[in-house]
Amino acid sequence: MIDWNIQSRAHACEACGRGFSDKETYHTLLFDERAAFRRIDVCQSCWQTQYSEGARERKGFVSYWHGVYEAPAPQSDPIQKETAESLLRKIIELNDRQYIPAAYILAVMLERKRVLKVKEQLVRDEGRIFVYEHPKTGEIFTIVDPNLQLNQLEAVQHDVAALLEHGFGGAASSAAPASEAMSAGDQIASVATQSARRVESGEV
Ligand SMILES: [Zn+2]
């Protein structure tokens, strides 16, 4: 099973149904339910009364954290150029295995830019899975480690740079400016090389 997806932070407590207000503390539990990871967000009082004791011992528990809820900002700019982040979102939505290496490289790039933070690393039958949090939106991104070898890097770098430059449809209107794509290409090269070395030397 390839389990890569994005799970949004809930806008209300799963236990009592009350809507979160801006700057309120919420608690997130992540469970592995075989078909998918299940995310539960609960409010402070439900956390204390129903979850703080015992939730970590429940079947399938993989991770817990808490954070501060931020009310969603109104959408201002409907036309956005392709960035590493928008590209990663599209790739996850497509859910096509051929893009697993590209998704991994983009996630590492975003981790470096501190757009994503690693919350958990899990080992499953299909390999290593990284659970990333997007601290601004509270979403979690589940990314599969493609186990890239050094000799595969060039092709993946090329794919990612081409996607950043042209998007999926090759539509020029949604593409990043050439200068940005160029610098993205350099970044990809260094990120990809590092990731492969990391894998080769067995450290993570
Ligand atoms: Zn609650």
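What you see is a predicted model, and the numbers here were worked out from it, not measured in a lab.

1. Re the overall build of the protein
When you go through the protein residue by residue, the secondary structure sums to five helices and seven strands. Each helix and strand of the protein, ordered N terminal to C terminal, gives the series β-β-β-α-β-α-α-β-β-β-α-α. Relative to its full complement of 204 residues, the protein shows a buried share of 29%. Within the protein, residue pairs in contact and separated by at least 24 positions form 62% of the contacts whose partners lie at least 6 positions apart.

2. Examining the pairing of strand 5 (residues 117–124)
Where strand 5 meets strand 6 (residues 127–134), seven bridges bridge the pair, whose relative direction is antiparallel. In the sheet register, Glu120 faces strand 6, and the bridge partner there is Val131. Once strand 5 ends, the chain turns through two residues before running back antiparallel as strand 6.

3. Points about the sheet that holds strand 7 (residues 139–144)
In spatial order, the strands read 1-7-6-5; together these four strands make up an open sheet with antiparallel pairing. Looking at strand neighbours, the two that pair on one side only are strand 1 (6–7) and strand 5, the edges of this open sheet. Its contacts with the sheet place helix 3 (residues 100–112) against strand 5, strand 6 and strand 7, and it is angled at close to 130 degrees to strand 7.

4. Things to note about the confidence of the model for the protein
Overall, the prediction assigns the protein a mean pLDDT of 83, with 78% of residues at 70 or greater. Per-element mean pLDDT across the protein ranges from 58 in helix 5 (residues 178–200) up to 95 in helix 1 (residues 44–51). Counting contacts from residues 171–179, a segment whose pLDDT is below 50, to residues more than four positions away or on other chains yields 14 contacts.

5. Regarding the nonpolar core
Counting residues in hydrophobic clusters, the biggest one holds 35 residues, and the most contacted among them are Ala102, Ala103, Ile105, Leu106, Ala107 and Ile143. Per-element accounting of this core gives the leading share, ten residues, to helix 3. Counting contributing residues per domain, this core is built from domain 1 (10–68) and domain 2 (84–200), each supplying no fewer than three. With sequence-adjacent residues up to four places away left out, Ile143 is seen in contact with Trp4, Ala103, Tyr104, Ala107, Ile129, Phe130 and Tyr132. Within the second largest apolar cluster, eight residues are counted, among which are Tyr26, Val42, Cys43 and Trp47.

6. Regarding the sheet that holds strand 4 (residues 61–68)
Sheet strands pair via backbone hydrogen bonds, and the direction of the pair is either parallel or antiparallel. Spatial ordering of the open sheet is given by 3-2-4, a layout of three strands whose pairing is antiparallel. Strands at the two margins of the open sheet, each flanked by one partner only, are strand 3 (37–43) and strand 4. Mean inter-strand twist for the sheet, computed between neighbouring axes without regard to direction, equals 20 degrees. Both strand 2 (residues 25–32) and strand 4 contribute to a ladder of seven bridges, which runs antiparallel. Of the residues in strand 4, the one forming a bridge with Thr25 is Val68.

7. Things to note about the packing of helix 3 against helix 4 (residues 153–166)
Close contact between helix 3 and helix 4 brings their axes to 9 Å; oriented N to C, the two are set at 75 degrees. Of the possible angle classes, the one that applies to helix 3 and helix 4 is roughly perpendicular. Contacts between helix 3 and helix 4 involve Pro101, Ala102, Ile105 and Leu106 from the former and Val156, Asp159, Val160 and Leu163 from the latter. Looking at the contact of helix 3 with helix 4 residue by residue, the class counts come to seven nonpolar, no polar and one charged.

8. Quick notes on helix 4
One turn of an α-helix holds 3.6 residues; hence residues three or four places apart share an orientation. The end-to-end C-alpha distance of helix 4 is 20 Å, a good match for the 20 Å that 14 residues give at a rise of 1.5 Å each. Phi for Gly167, located one or two positions after helix 4, is positive at around 70 degrees.

Rules used throughout
Residues numbered from 1 in each chain as written. Predicted model: local features only at pLDDT ≥ 70, side-chain atom pairs only at ≥ 80, totals over all residues. Helix = DSSP H or I, 4+ residues; strand = E, 2+ residues; numbered from the N terminus. Buried ≥ 20, exposed ≤ 12 C-beta atoms within 10 Å, placed from the backbone. Contact = placed C-beta atoms within 7 Å. Pairing = 2+ DSSP bridges. Axes fitted to C-alpha atoms, helices over the stretch in contact; angles between N-to-C directions. pLDDT = per-residue confidence, 0-100. Core = buried A, V, L, I, M, F, W, Y, C linked by C-beta atoms within 7 Å. Domains from an automatic or database assignment. Parallel < 35°, antiparallel > 145°, perpendicular 65-115°, else oblique. Nonpolar A, V, L, I, M, F, W, Y, C, P; charged D, E, K, R; others polar. Expected span 1.5 Å × (residues − 1).

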